[in-house]
There are 2 protein chains.
Amino acid sequence: MQHNNLKAILRKNGSSLTRTRRLIFDLLDGQDPQSMQVLISRADDQLDRATIYRTIELFERLGIVHRVNIGWKYKIELSDVFTGHHHHLHCSKCGKILDLPSNPMLETMIDTLATKVDFAPRNHVLEIYGLCPACKQAGS
Amino acid sequence: MQHNNLKAILRKNGSSLTRTRRLIFDLLDGQDPQSMQVLISRADDQLDRATIYRTIELFERLGIVHRVNIGWKYKIELSDVFTGHHHHLHCSKCGKILDLPSNPMLETMIDTLATKVDFAPRNHVLEIYGLCPACKQAGS
DNA sequence: TAAATTATTGCGACAAATTTGCAAATATAT
DNA sequence: ATATATTTGCAAATTTGTCGCAATAATTTA
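What this report covers is the structure whose coordinates are included nearby.

## Description of the protein's contact with DNA strand D
Contacts to DNA strand D come from 21 residues, most closely from A:Tyr53, B:Thr18, B:Thr20, B:Arg21 and B:Thr51. Within the side chain of A:Gln37, an N or O atom sits 3.4 Å from a phosphate oxygen of DNA strand D. Backbone polar atom of B:Gln46 to a phosphate oxygen of DNA strand D: 3.2 Å apart, as the coordinates give it. Looking at the surface near DNA strand D, the elements that each hand over two or more residues are helix H3 (36-43) and helix H4 (49-61) of chain A together with helix H2 (19-28) and helix H4 (49-61) of chain B. With four residues, the top contributor of residues to the surface near DNA strand D is H4(A). Taken together, the residues that form the surface near DNA strand D break down as seven nonpolar, eight polar and six charged.

Encoded structure:
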């Protein structure tokens, strides 16, 4: 149960784990990245739109969630703290988003390349586009 | 001059290189990624907002431009076809976006990792966040 | 534990960003 | 040059995200 972890992060920041925040966290937990619209509709009878925006903004500020960008839109998922560092494989055909677990060698190389140009890397996001196993199979 | 290249891509898709499209292309050419607002304001006395949105959408669909995501916002830049493949270094302090030229070893590793999980990679986006040389220096 | 203090939520109104339908203008093909 | 198809501007509608403020819930203090 990650609620303790969640609570700790909030407390450390002078915020509390309210019913609302637990609810939104639970909507995200274990799910694929979700759009605001979906999040709002899934919680709409219980929570106000503004509250959801404010909560997601807070969560993002505290590193609890982060945005996955898809074209002009974005979706929300729990951050690496809760899911482990990973990247995304976007299927251009069916739209599914798969996780690609982090690879130490890759992470190192990315940091090294950035450092080489005198940049101080803190974190990064890698999104890969192509065909998922199922669509790849189907489309040949 | 990349207008020929641009024209070719458009023609191949049953679209033509109009004055409007050339103008928008030129607004992007050689510039850092730009927000819609900036693009709109830079062209506003000559072009309608809706036209700009439609053109960017077309350009993106044809792979002429792509979006660089910055938090909830995004900016537009010409795609790899016109600029060469590269990644971005985002300075968390001053907001500047620097280019990191593509590295063959890195690209290979990314494709390999994706292929290993039976995904067929077509392209990818890597965004690195941290401190640019200037801010790194300053904030010692 | 009750009172006081501070943080959080809902609500309604706003503001900004993006989209759409349609008629007029422009480009391409005949 | 004319006909046909595409593109653009305009105005209006939607969608998305934000804000102020009063009501509610949580936390702290006595």
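## Notes on the sheet that holds strand S4 (residues 97-101) of chain B
Judged by pairing direction, the sheet is mixed, and its six strands sit side by side in the order S5(A)-S4(A)-S6(A)-S5(B)-S3(B)-S4(B) without closing on themselves. If you trace the sheet from one side to the other, it starts and ends with strand S5 (97-101) of chain A together with S4 of chain B, each paired once. Each strand axis lies, on average, 25° off the axis of its neighbour in the sheet, ignoring direction. Two elements, strand S6 (residues 120-131) of chain A and strand S5 (residues 120-131) of chain B, share eleven bridges in a ladder whose sense is antiparallel. Residue pairing in the sheet places A:Glu127 in a bridge with B:Val125 of S5(B). Of the strands in this sheet, strand S4 (86-91) and S6 of chain A together with strand S3 (86-91), S4 and S5 of chain B are in contact with helix H6 (residues 104-116) of chain A, which crosses S6(A) at around 125°. Helix H6 (residues 104-116) of chain B contacts S4, S5 and S6 of chain A together with S3 and S5 of chain B of the sheet and is inclined by roughly 125° relative to S5(B).

## Side note on the sheet that holds strand S1 (residues 34-35) of chain A
Residues and elements named next belong to chain A. Read across the open sheet, the three strands follow the order S1-S3-S2; overall the sheet is antiparallel. The sheet terminates laterally at S1 and strand S2 (65-70), the two strands that pair on one side only. By the bridge criterion, two bridges tie S1 to strand S3 (residues 73-78) in an arrangement that is antiparallel. Note on S3: the bridge partner recorded for Ser 35 is Lys 75. Contacts from helix H2 (residues 19-28) reach S1, S2 and S3, with the element oriented near 105° to S3.

## Structural notes on the protein's contact with DNA strand C
Surveying the vicinity of DNA strand C reveals 21 residues, the closest of which are A:Thr18, A:Thr20, A:Arg21, A:Thr51 and B:Tyr53. Residue A:Thr20 places a side-chain N or O atom 3.2 Å away from a phosphate oxygen belonging to DNA strand C. Between A:Arg21 and DNA strand C, the recorded distance is 2.6 Å, taken from a side-chain N or O atom to a phosphate oxygen. Where the surface near DNA strand C is concerned, the elements lending two or more residues are H2 and H4 of chain A together with helix H3 (36-43) and H4 of chain B.

## Brief notes about the interface of chain A and chain B
Each side of the interface is counted separately: chain A has 39 residues, and chain B has 40 residues. For the pair chain A and chain B, the summed buried surface comes to about 3,500 Å²; carbon and sulfur atoms form 69% of the total. Of all residues in chain A, A:Trp72, A:Phe119 and A:Tyr129 give up the largest surface area on contact with chain B, accounting jointly for 21% of the area buried on that side. Between B:Lys136 and A:Asp118 there is a salt bridge, with the nearest N and O atoms lying 2.8 Å from each other. Those elements that provide at least two residues to the side of chain A that touches chain B are H4, S2, S4, S5, H6, S6 and helix H7 (133-138) of chain A. For the side of chain A that touches chain B, the leading source of residues is S6(A), giving twelve residues. Looking at the side of chain A that touches chain B residue by residue, the classes come out as 24 nonpolar, eight polar and seven charged.

Rules behind the numbers
- Residues numbered from 1 in each chain as written.
- Chains lettered and ligands numbered in written order.
- Predicted model: local features only at pLDDT ≥ 70, side-chain atom pairs only at ≥ 80, totals over all residues.
- Heavy atoms only, no water.
- Near = heavy atom within 4 Å.
- Polar contact = N/O pair within 3.5 Å; in protein donor to acceptor, adjacent residues only side chain to side chain.
- Helix = DSSP H or I, 4+ residues; strand = E, 2+ residues; numbered from the N terminus.
- Nonpolar A, V, L, I, M, F, W, Y, C, P; charged D, E, K, R; others polar.
- Pairing = 2+ DSSP bridges.
- Axes fitted to C-alpha atoms, helices over the stretch in contact; angles between N-to-C directions.
- Contact = heavy atoms within 4.5 Å.
- Buried area = accessible area lost by both parts, 1.4 Å probe.
- Salt bridge = Lys/Arg side-chain N within 4 Å of Asp/Glu carboxyl O.

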